[in-house]
Structure formats: C-alpha cells, structure tokens
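Letter by letter, the chains look like this.
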Amino acid sequence: MSLLIAATEVRENAYAPYSRFKVGAALRSASGAVYTGCNVENVAYPEGTCAEAGAIAAMIAAGDTRITEVLVIADSPSPVPPCGGCRQKIAEFADGDVTVTLCTTDGKSNAVTVADLLPGSFSAGHMARTNDG
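Keep in mind the model is a prediction, meaning the values are calculated, not measured. (Residues numbered from 1 in each chain as written. Predicted model: local features only at pLDDT ≥ 70, side-chain atom pairs only at ≥ 80, totals over all residues. Heavy atoms only, no water.)

Take the sheet that holds strand β1 (residues 23–29) next. The 5 strands lie next to each other as β2-β1-β3-β4-β5, forming an open sheet whose pairing is mixed. Each edge of the open sheet is held by one strand with a lone partner, namely β2 (34–38) and β5 (109–113). Averaged over neighbouring strand pairs, the angle between their axes works out to 15° when direction is ignored. For β1 and strand β3 (residues 67–74), the ladder comprises 7 bridges, and the chain directions are antiparallel. Each bridged residue has a counterpart across the sheet, and for Val23 the counterpart in β3 is Ala74. Sitting on the sheet, helix α2 (residues 51–61) is in contact with β1, β2 and β3, with an inclination near 140° to β2. Of the strands in this sheet, β3 and β4 (94–104) touch helix α3 (residues 84–93), which is tilted by about 135° from β4. (Pairing = 2+ DSSP bridges. Helix = DSSP H or I, 4+ residues; strand = E, 2+ residues; numbered from the N terminus. Axes fitted to C-alpha atoms, helices over the stretch in contact; angles between N-to-C directions. Contact = heavy atoms within 4.5 Å.)

Right under this line is the structure:
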C-alpha cells in the first residue's frame, strides 16, 4: 500500500475542531505492514494525540516494533515536520537513516531522515551504566 494514499485517506478522519489543522501519518514497519494515524484534538488543548503518535501506537498494538519508512501529510503551505515529541517517538522505533517524507495536500514534498529531524537523539544507550569498579 502506498504511504501517501494511506496518510491522505486517514487525514480525512482527523478530529481537529479547534485548530482545523488535519494531519495524517502512515508508516511501514519491518514486516511490511502499513499503519496509519491522524491527529485527535481535545477540548483540554493541547491534550490531543498527534498523527505520528497514533500510527506508532497502532504499529505497537499490532505487534510490530520497527519502522522502515514514514510519511506525514497536512494542508499547509510547505511540508510540516513532526513535532519534537513525535520526532523522539519515531527515533525510538526507527534507525537514523529511515526516510521521513513530509507532504502537503497540494503535492509538495520533502524527504529527510530520522537523524535529520532529530540529531543527537536521546536513546536507551544514554541510560546504560558501566560497572568498571
């Protein structure tokens, strides 16, 4: 399945009555499955859920744990990158060289890597301690 088609379709399901800014995300896991998410706002703004976080949650719920490709789409003048929190969420499940394609509904796109989006990302390795004596 095309990530662009999947993200475009799920974007229409976004619940964005406050910002009116609908976002769709699709990712492909290492198994080849495609998972989607859309933003879901809440009256207790900003307690909503980002599209990327929704797609990652769907992937994890299905039992997959590695992302091999991501695409995000929004109706904006230029391609919109994931927020800081979603960049960290993506980095948790994707290698630095994984492509993240940012798209607009009028056909503009920009392909970057996870490392481009979040250089020097915090990882589990930062939490490891050595016991050298």
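Having seen the model, we can carry on.
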